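Structural overview for review
What follows is the residue order along each chain.
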Amino acid sequence: MKIAVLGTGYVGLSTGVCLSQIGHYVTCIDINEQKINQLRQGISPIYEPGLEDLLASNMAAGRLHFTTTLADALGEADIIVVAVGTPQGEDGAADLSYLVQAAKDISSSLTPESVIVIKSTVPVGTNDFIKTLIEDLSGFPVKMVSNPEFLRQGSAIEDTMKADRIIIGSEDAESAEKIKDMYRPLNVPMILTSTRSAEMIKYASNAFLATKISYINEIANLCEAVGADVTDVAKGMGKDQRIGEAFLNAGIGYGGSCFPKDVKALLHTAGVNGVKFPLLKETIAINEYQRELLVTKALKRFGGLKGRKIAMLGLAFKPETDDMREAPSIPIARTLTKYGAEVVAYDPVATENARKIIGDTIKYAGSIDEAVYEADAVLIVTEWKEVKNIDVAAMLENMKEPIIFDGRNCFTEESIRGCRAIEYYPIGKPAIII
Ligand SMILES: NC(=O)c1ccc[n+]([C@@H]2O[C@H](COP(=O)([O-])OP(=O)(O)OC[C@H]3O[C@@H](n4cnc5c(N)ncnc54)[C@H](O)[C@@H]3O)[C@@H](O)[C@H]2O)c1
């Protein structure tokens, strides 16, 4: 099939590359010329494991192209996949301006045979609204399918090639069948629903996972108060198949480009439809509190942070990505500097993106050793493998004081107890002070 993909972000690029990998002819389109120029040279503008290899092999096979000119790709496309951003608007609702612009762009080069697939995360009713908009502009009936995406950054390729499920929402059976055909080589379970149910499945899934994270974080806070260990508690809970083991890692809260905005957008949808949904309000409130927890603990330990040198290990919102959107490191860095701390941060891949958001109010180190040198305390913010594999005892030798606030429970009790002198403050379990 000939497929056009609008938007070469984490979702559009991963989707385009994987669709070409399973034999389709894919043209990816973006309004960002710099991205397209990089991609044409086989360079991925985002860090995503395995992506560049597939990019190179499918470009070499002549199945994957990049352009900024929509008309080049749309005229011949059997399917047009829309994966532009839907960031958070000021009132918490999803900002649909990129999607509306994309719809306007599409309508001038579209043919009536093409099926338009909305992969971007959009509030219930958006597919209907976009369909009407394109039909008004193009002057003919269009075929639309809602196909929300569930990939995780950091494992986007694997998640696409081995998805748990593919949701296909449409009122038009023929179009739904065409999208099933597009995905058939993946051999993944496909669920056909109405358009509105498909839109809701995406939000309901993300809000549920975010709530699971806030739930275990609140359990962690309670564990600290009563002397239990949240890692053991989560293990014991997760073995119950009704609960499941995923998303039970206590820490400093969720971040990233999806959970924060999607939970708020669902709450907004509930509000405008007269449904209160207090559970989501609590999910958000717990997360806000949790993001500041390491600073709260450091303040309690030191009494004040003025002049203290604090090393932050990890900046990205999670490991294996350079994405800084809604990363807990942002409020942590800002609050630490507000209290007068001198902050030095290290991240294996997200430093340049972090600098654009946090700026030069903190310093950026080129290595863990450089970041922790003479530090009064280390804050573990992202659980990169490099961080988890630290020789803790050796790291402490470089620090002024052997104090670690671990926001991701990265270290084993054994490795901590092996240190000569240490103050170790994990999440949801007793501190270890030697
Ligand atoms: N990132 C994730 O992990 C993830 C997972 C599932 C779903 N989603 C959803 O998928 C959508 C895309 O997310 P993302 O993280 O890939 O976004 P992104 O911001 O990384 O990328 C969006 C891309 O769209 C391009 N774009 C904007 N307007 C355009 C237009 N008119 N024509 C062509 N290109 C245009 C931008 O230049 C950008 O490169 C969002 O709705 C998001 O909520 C994201």
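For the structure itself, consult the block above.
In this report, we go over the structure that sits alongside the text. Values in this document were obtained by computation on a predicted structure and should not be read as measured data. (Residues numbered from 1 in each chain as written. Predicted model: local features only at pLDDT ≥ 70, side-chain atom pairs only at ≥ 80, totals over all residues. Heavy atoms only, no water.)

1. Description of the site of the ligand
For clarity, the cut-off: The criterion for a residue being near a molecule or strand is simple. One of its heavy atoms has to lie within 4 Å of it. Here a polar contact is recorded for every N or O atom pair within 3.5 Å, except that within protein the pair must consist of a potential hydrogen donor and a potential acceptor, and residues adjacent in sequence are included only if both atoms are side-chain atoms. Note on areas: Shrake-Rupley with a 1.4 Å probe; residue coverage comes only from the protein chains shown. The helix count covers DSSP runs of H or I at least four residues long, the strand count covers runs of E at least two residues long, and both are numbered beginning at the N terminus. For this classification, Asp, Glu, Lys and Arg are treated as charged, while Ala, Val, Leu, Ile, Met, Phe, Trp, Tyr, Cys and Pro are nonpolar and the rest, including Gly, are polar. Note that the domain bounds were set by an automatic or database domain assignment.
As a matter of local geometry, the ligand sits amid 28 residues, with D30, K35, T86, Q153 and K261 nearest to it. The separation between an oxygen atom of the ligand and a polar side-chain atom of K35 is 2.6 Å. If the ligand stood free it would expose 840 Å²; the protein chains cover 91% of that surface. Within the residue set of the shell around the ligand, elements represented by two or more residues are helix 1 (10-21) and helix 5 (97-109). Looking at side-chain class alone, the shell around the ligand contains 11 nonpolar, 10 polar and 7 charged residues. Of the residues that make up the shell around the ligand, three or more belong to each of domain 1 (2-193) and domain 2 (202-289).

2. A closer look at the pairing of strand 10 (residues 342-346)
Condition: When accessible area is computed with a 1.4 Å probe and restricted to protein chains, residues below 20% of their type maximum are described as buried, those above 50% as exposed, and intermediate ones as partly exposed. Two strands qualify as a pair provided that DSSP identifies no fewer than 2 bridges between them. With the strands aimed away from the viewer, a crossover counts as right-handed if its path from the first strand over the helix to the second runs clockwise.
Strand 10 sits mainly inside the fold: 4 of its 5 residues count as buried. Two elements, strand 9 (residues 309-313) and strand 10, share 5 bridges in a ladder whose sense is parallel. Paired with K309 across the strands is E342, a residue of strand 10. For the handedness criterion, the β-α-β arrangement of strand 9, helix 14 (residues 329-338) and strand 10 is classed as right-handed. Alignment of strand 10 against strand 11 (residues 363-364), held across 2 bridges, turns out to be parallel.

3. Here's the deal with the side chain of N287
Quick reminder of the rule: Residues are treated as being in contact if the distance between any of their heavy atoms lies within 4.5 Å.
As for its placement among the helices and strands, N287 is situated in helix 12 (residues 278-291). Looking at N287, the relative accessible area reads 3%, which means it is buried. Apart from the residues within four sequence positions on either side, N287 is in contact with S214, G253 and Y254.

Taken by themselves, the reported measurements are silent on function.
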